[in-house]
Amino acid sequence: MALLGDGKKMKRWVHIGAALGLALSGAARASAQAKPLAAGDVSRIYDKLLKEIDQIPIYDNHSHATFPDDPDMDAMASPPDESTVMRLRDSNPEFVAAAKALFGYPYDDFKPEHAKWLIDRKKAAEAAGGTAYWDSILDKLKIETCLANRVALAPYLDPKRFHWVFFVDSFLFPFDNQEQAARNGDMGVYIPLQEKVLHRYMKQEGVSGLPADLASYEAFVRQTVSDNQKKGGVAMKFEAAYFRSLYFRDPPRDKAESIYSRYHSGGIPSEEEYHTFQDYIFRVLIDQAGKLKLPVHFHSAVGIGDYFSLRNGNPLNLENVVRDPRYSNVKFVLIHGGYPYTLDMIWMTAAKNVYTDSSLVGYYVYPSELKNILKQWISLYPEKIMFGSDAFPFNDAVGAEETFWLASRSARTAIGAALAELVAEGAFNEEKALELARLYLHDNAARLYGEMK
Ligand SMILES: [Zn+2]
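What counts, and at which threshold
Residues numbered from 1 in each chain as written. Predicted model: local features only at pLDDT ≥ 70, side-chain atom pairs only at ≥ 80, totals over all residues. Heavy atoms only, no water. Core = buried A, V, L, I, M, F, W, Y, C linked by side-chain atoms within 4.5 Å. Buried < 20%, exposed > 50% of the residue type's maximum accessible area, 1.4 Å probe, protein only. Contact = heavy atoms within 4.5 Å. Axes fitted to C-alpha atoms, helices over the stretch in contact; angles between N-to-C directions. Helix = DSSP H or I, 4+ residues; strand = E, 2+ residues; numbered from the N terminus. Parallel < 35°, antiparallel > 145°, perpendicular 65-115°, else oblique. Nonpolar A, V, L, I, M, F, W, Y, C, P; charged D, E, K, R; others polar. Phe/Tyr/Trp six-rings, centres within 6.5 Å; stacked < 30°, edge-to-face > 60°. Lys NZ or Arg CZ within 6 Å of the ring centre and 35° of its normal. Salt bridge = Lys/Arg side-chain N within 4 Å of Asp/Glu carboxyl O. Donors = N, O, S within 2.8 Å, 3.2 Å for Na, K, Ca; no water. Pairing = 2+ DSSP bridges. Patch = residues over 30% accessible without salt bridge, like charges linked within 9 Å, V, L, I, M, F, W, Y side chains within 5 Å. Areas by Shrake-Rupley, 256 points an atom, 1.4 Å probe, with all protein chains shown as cover.

Trainee: How do you make sense of the nonpolar core when you look at a structure like this?
Mentor: Across soluble globular proteins, you tend to see nonpolar side chains buried next to one another. Counting residues in hydrophobic clusters, the biggest one holds 72 residues, and the most contacted among them are Ile53, Phe110, Trp134, Phe162, Phe404 and Leu419. Those residues within four positions of Phe404 in sequence are excluded, and the remaining contacts are Asp60, Ser63, Ala65, Trp134, Ile137, Leu138, Leu141, Ile143, Cys146, Phe162, Ser389 and Ala391. Counting 58 residues, the second-largest nonpolar core is a separate cluster that includes Leu172, Ile259, Val321 and Val322.

Okay, structure coming up:
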């Protein structure tokens, strides 16, 4: 009843105000209820905000900074017949704009005789060696720090600026993978690469063959992760969505133990047996991440390839894991915004240990649509969202350099537009808007990786 009384009182004040013809000042508007339509000049507010936003140093949560001929850039390869979204095709004039902005590219297309100018320049930078080239790319885009999701660190990436995110999916494939690779054309490309990474880790750890029992295999897995962290790894990454569902069950250890003892020296496990074993090892990895305070990245979104399952990659599959009290000390970073399930994704981040980023989404869709996604995200959990470029070389001419440019320009303009609309709608003032922009572009990631209080 008290509430009703207050409501009546408020109504009366509004009536009195209206009767007196009181004009609401800017400050008063900011403290009033937000409106569904912009009250101010959105593009003027946008221009003002963007000037400031352009000065914010970026912390890039996800990239594949690399020269195009470096096989360590990813633990995956594009399978044949991939169909590329429109914005990422060579014909996108934005890539020409990127090459002009970064290198003063003198042409207006990527005809082979023109693209050669760009390719030669990049090849020369690679041949020159040293870390100055990639640092200079970051400097041009005001990217302060950048996570590099790669199979191994590269000598040409400055460890002060590029921090390593290493892959752990290979631990899920220790057995005879003939049937896995035969499942479809995509798996035929992916599985041999996973085997390669596993062998690389075995060599790193001085393990000559698969250990004799599950306990020793677990010890090998835990030690590799711990050593990768010591080598500079700041997070582990699962691209499991490309191979299987992100729904992981919780099988008892003895089940995994009997599967391991049956197949570690040969024989092909059934689909169900392999799945059970993977569910178990997955949990060993998550447990180790908690012990080492190592954030865990997941590809959780659409994916390339001809057989990628949207259902398998849906971030909601991970709910039972991220909400499991046993893993409350693990920071989960569900990259790519769960795209296209971006609204489901932001509600996943309601859990205190779950974060997301706009990598991949930010160059799949144009800034006008990225603006809509970011507007929704920033209105809900602004402390849980991060910028990510997913910079990646698409061919010898259009490289990670151009995609860094495309992603960072898109994100700065889209967050500027989202915030300008919210300011114009009376949600908050410009000062608050810039604070939120800093969270998204830099501070949330810097805090997550312990570089900022
Ligand atoms: Zn990526």
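Anyway, onward from the coordinates.
Trainee: Before we go on, may I ask you to explain the packing of helix α4 (residues 93–103) against helix α17 (residues 400–424) in this structure?
Mentor: Packed helix pairs are specified by the crossing angle of their axes together with the interaxial distance, meaning the distance between the axes. Where α4 meets α17, the axes come as close as 9 Å, and the angle between the chain directions of the two elements is 105°. Overall, the two elements α4 and α17 adopt an arrangement that is roughly perpendicular. Side by side, α4 and α17 meet where Glu94, Phe95, Ala97, Ala98, Ala99, Ala101, Leu102 and Phe103 of the first sit next to Glu401, Glu402, Thr403, Trp405 and Leu406 of the second. In terms of residue class, the contact of α4 with α17 is made up of nine nonpolar, one polar and three charged.

Trainee: How should I be thinking about unusual backbone geometry in this particular structure?
Mentor: If a residue is not glycine, its phi is most likely negative; likewise, a peptide bond is most likely trans. Of the consecutive residues Tyr339 and Pro340, the connecting peptide bond is found in the cis state with omega at 10°. By the element assignment, Pro340 lies in the loop between β6 (332–335) and α14 (342–348). Look at His336: it is not a glycine, yet its phi comes out positive at around 70°. With respect to the element layout, His336 can be found in the loop between β6 and α14.

Trainee: Explain the side chain of His114 to me, please; I cannot follow it from the model alone.
Mentor: Considering the arrangement of structural elements, one finds His114 in helix α5 (residues 112–128). Taking the relative accessible area as the measure of exposure, His114 reaches 18% and is therefore buried. Excluding residues within four positions of it along the chain, His114 makes contact with Tyr105, Tyr107 and Asp109.

Trainee: What should I look at first to understand the packing of aromatic side chains in this one?
Mentor: Centre-to-centre distance and the angle between the planes together describe a pair of aromatic rings. Applying the stated rule across the entire model yields 35 aromatic pairs. The ring centre of Tyr355 lies 5.2 Å from the NZ or CZ of Lys384, which sits over that ring.

Trainee: How should the pattern of salt bridges be read in this particular structure?
Mentor: Close approach of charged atoms allows side chains of opposite charge to pair. Counting across every chain of the model gives 29 salt bridges. Here Arg326 and Asp324 are joined by a salt bridge, their closest N and O atoms 2.6 Å apart. Judged by its relative accessible area of 11%, Asp324 falls in the buried class. When the shortest N-O distance is used, the salt bridge between Glu421 and Lys371 registers 2.8 Å. Taken together, the positions of Glu421 in helix α17 and Lys371 in helix α16 (residues 367–380) put the pair 50 residues apart, joining distant regions of the chain. Among the ionic contacts, a cluster of salt bridges with common partners joins Arg244, Arg249, Glu272 and Asp279.

Trainee: Which parts of the structure should I look at to understand the coordination of the zinc ion?
Mentor: Ideal geometry at a metal centre: 109.5 degrees between donors when four sit tetrahedrally, and 90 or 180 degrees when six sit octahedrally. Taken together, the protein donors to the zinc ion comprise His62 (NE2), His64 (NE2) and Asp390 (OD), at separations of 2.0 to 2.3 Å. Along the chain, the residues donating to the zinc ion are arranged with the sequence spacing H-x1-H-x325-D. Within this pair, whereas His64 is found in the loop between β1 (58–63) and α4, its partner Asp390 is found in the loop between β8 (385–386) and α17, the two being separated by 326 residues in sequence.

Trainee: What am I meant to see in the sheet that holds β1 here?
Mentor: Note: strands within a sheet are paired through backbone hydrogen bonds, in either parallel or antiparallel orientation. Within the open sheet, the eight strands sit side by side as β1-β2-β3-β4-β5-β6-β7-β8. Their pairing is parallel. The sheet is open, and its two edges are formed by β1 and β8, each paired on a single side.

Trainee: Looking at this structure, I do not really get helix α6 (residues 132–140). What am I missing?
Mentor: Think of an α-helix as turning once every 3.6 residues; residues three or four places apart then point the same way. Buried within α6 we find Tyr133, Trp134, Asp135, Ile137 and Leu138. Where the residues of α6 are buried, they touch α4, α5, β2 (143–149), β3 (162–167) and α17. Looking one or two places after α6, you find Lys142, whose phi comes out positive at around 55°.

Trainee: Would you mind going over a nonpolar patch on the surface with me for this structure?
Mentor: Taken together, the side chains of Leu343, Trp347 and Leu380 make up a nonpolar region of the molecular surface, amounting to roughly 270 Å² of accessible area. Secondary-structure assignment places Leu343 in helix α14. With a relative accessible area of 39%, Leu343 lands in the partly exposed category.

Trainee: Would you take a moment to explain the pairing of β3 for this structure?
Mentor: Two faces, one strand: in a regular strand the side chains alternate between the faces of the sheet. Of all six residues in β3, six are buried, a share of seventy percent or more. Taking every second residue as pointing to the same face, both faces of β3 are buried, with Phe162, Trp164 and Phe166 on one and His163, Val165 and Phe167 on the other. As judged from the four bridges shared by β2 and β3, these two strands associate in the parallel manner. In the strand pairing of β3, Ala148 is matched with Trp164. The pairing of β3 with strand β4 (residues 233–238) spans four bridges and is classified as parallel. Its bridge partner lying in β4, Trp164 is registered against Gly233.

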